[in-house]
Amino acid sequence: MRIAFLGLGHMGLPMARNLQAAGHDVIAFDVMDAARAAATTAGLSLAESGPDAATDADVVITMFPAGRHVIEAYESGLLAAARPGTLFIESSTIAVDEAQAAHALAIAAGHRNIDAPVSGGVVGAENATLAFMVGASDDDFAAALPLLEAMGKRIVHCGGPGLGQAAKVCNNMILAVSQIVVGEAFVLGERLGLSHDALYDVAANASGQCWALTTNCPVPGPVPTSPANRDYQPGFAGALMAKDLGLALQAIEQTSTDARMGRLAQEIYAAFAAGSGGGRDFSGIITDIRDGQV
């Protein structure tokens, strides 16, 4: 297939490369000079603009920072430039209502659209082991599946338009709460005289086991590949977790859901991102816990 890939950041660039490695004809674009330079170095072909990339594409994949960027791109020429019936795959993490609005715009323009946000971070993008949470009709999901499988390892059809984003926002709320309490437990263990290795060995093989502990362990040592062993270089940055929890809070309020832990996690990560944690891995929240800033 000929694929237009728009948004070549830390996640988008390796995703586009994996599609090219799978044999697809990828033409890419990003508004940032540095991202375009990195794409050229990686061997991708570049278009002059997003609409230019979409003109002859069978599929258009967007990986943008926020929902407003998606809606703006759709309305400012991207949909108009594409051939009728083009499949638009929206892989940014955006609000559910924004995903549904993007879907409606694409349908009105004579195209197909699915929301397919991802989980797995930069490592998952590089290794083609991402998880995709997909909101789509059955037919559009089937059409997109081979492309998603070139970039990911687990692809889940969550329901109709917008429900991929719904799954993503719920998953990341769970992750944020888990990462905070794992950090709290290690700080508590330190103050009680418990070694990191001892606590890890117990919790990783008992009821405290979770991804935030066994993959993203917030202290150096027990999990050598965790960001804690490279001074909390992301990974998944604190600023992105704060953004995703903002989307969770929006959904909580729209649905009048009593989600006190989710609200508290949003407050904690908003403060972390506004301070030292915006560019650090979100597991670095343990440093704020140690310093009494949570």
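What counts and what doesn't
- Residues numbered from 1 in each chain as written.
- Predicted model: local features only at pLDDT ≥ 70, side-chain atom pairs only at ≥ 80, totals over all residues.
- Heavy atoms only, no water.
- Helix = DSSP H or I, 4+ residues; strand = E, 2+ residues; numbered from the N terminus.
- Buried < 20%, exposed > 50% of the residue type's maximum accessible area, 1.4 Å probe, protein only.
- Contact = heavy atoms within 4.5 Å.
- Axes fitted to C-alpha atoms, helices over the stretch in contact; angles between N-to-C directions.
- Parallel < 35°, antiparallel > 145°, perpendicular 65-115°, else oblique.
- Left-handed = near helix turned anticlockwise from the far one by under 90°.
- Nonpolar A, V, L, I, M, F, W, Y, C, P; charged D, E, K, R; others polar.
- UniProt positions renumbered as here; feature names shortened; annotations may be inferred.
- Pairing = 2+ DSSP bridges.

> An account of the side chain of Gln-165 is requested, with residue identities and associated values reported.
For Gln-165, the position within the fold is in helix H8 (residues 163–191). Exposure remark for Gln-165: the relative accessible area of 1% places this residue in the buried category. Those residues within four positions of Gln-165 in sequence are excluded, and the remaining contacts are Glu-90, Ser-92, Thr-93, Ile-94, Val-96, Ala-99, Asp-115 and Pro-117.

> Help me get a handle on the packing of helix H11 (residues 238–254) against helix H12 (residues 260–277), residues and values and all.
Two numbers describe how H11 lies on H12: the axes approach to 8 Å, and their chain directions differ by 150°. With respect to H12, the axis of H11 lies roughly antiparallel. Both H11 and H12 take part in a crossing whose hand is left-handed. Here H11 contributes Gly-238, Ala-239, Met-241, Ala-242, Leu-245, Gly-246, Leu-249, Ile-252 and Glu-253 to the contact with H12, which in turn contributes Arg-263, Ala-265, Gln-266, Tyr-269, Ala-270, Phe-272, Ala-273 and Gly-277. Counted by class, the contact of H11 with H12 contains 11 nonpolar, four polar and two charged residues.

> I'd like a rundown of the UniProt feature "domain: 3-hydroxyisobutyrate dehydrogenase-like NAD-binding" (unreviewed entry) in the protein chain, residues and numbers included.
Per the UniProt record, the feature "domain: 3-hydroxyisobutyrate dehydrogenase-like NAD-binding" (unreviewed entry) sits at residues 162–286. Taken end to end, residues 162–286 has its terminal C-alpha atoms 33 Å apart, with 62% of it in helix and 0% in strand.

> Give me the pairing of strand S1 (residues 2–6): which residues, what numbers.
Where burial is concerned, most of S1 is hidden: four out of the five residues are buried. Two elements, S1 and strand S4 (residues 59–62), share four bridges in a ladder whose sense is parallel. Its bridge partner lying in S4, Ile-3 is registered against Val-59.

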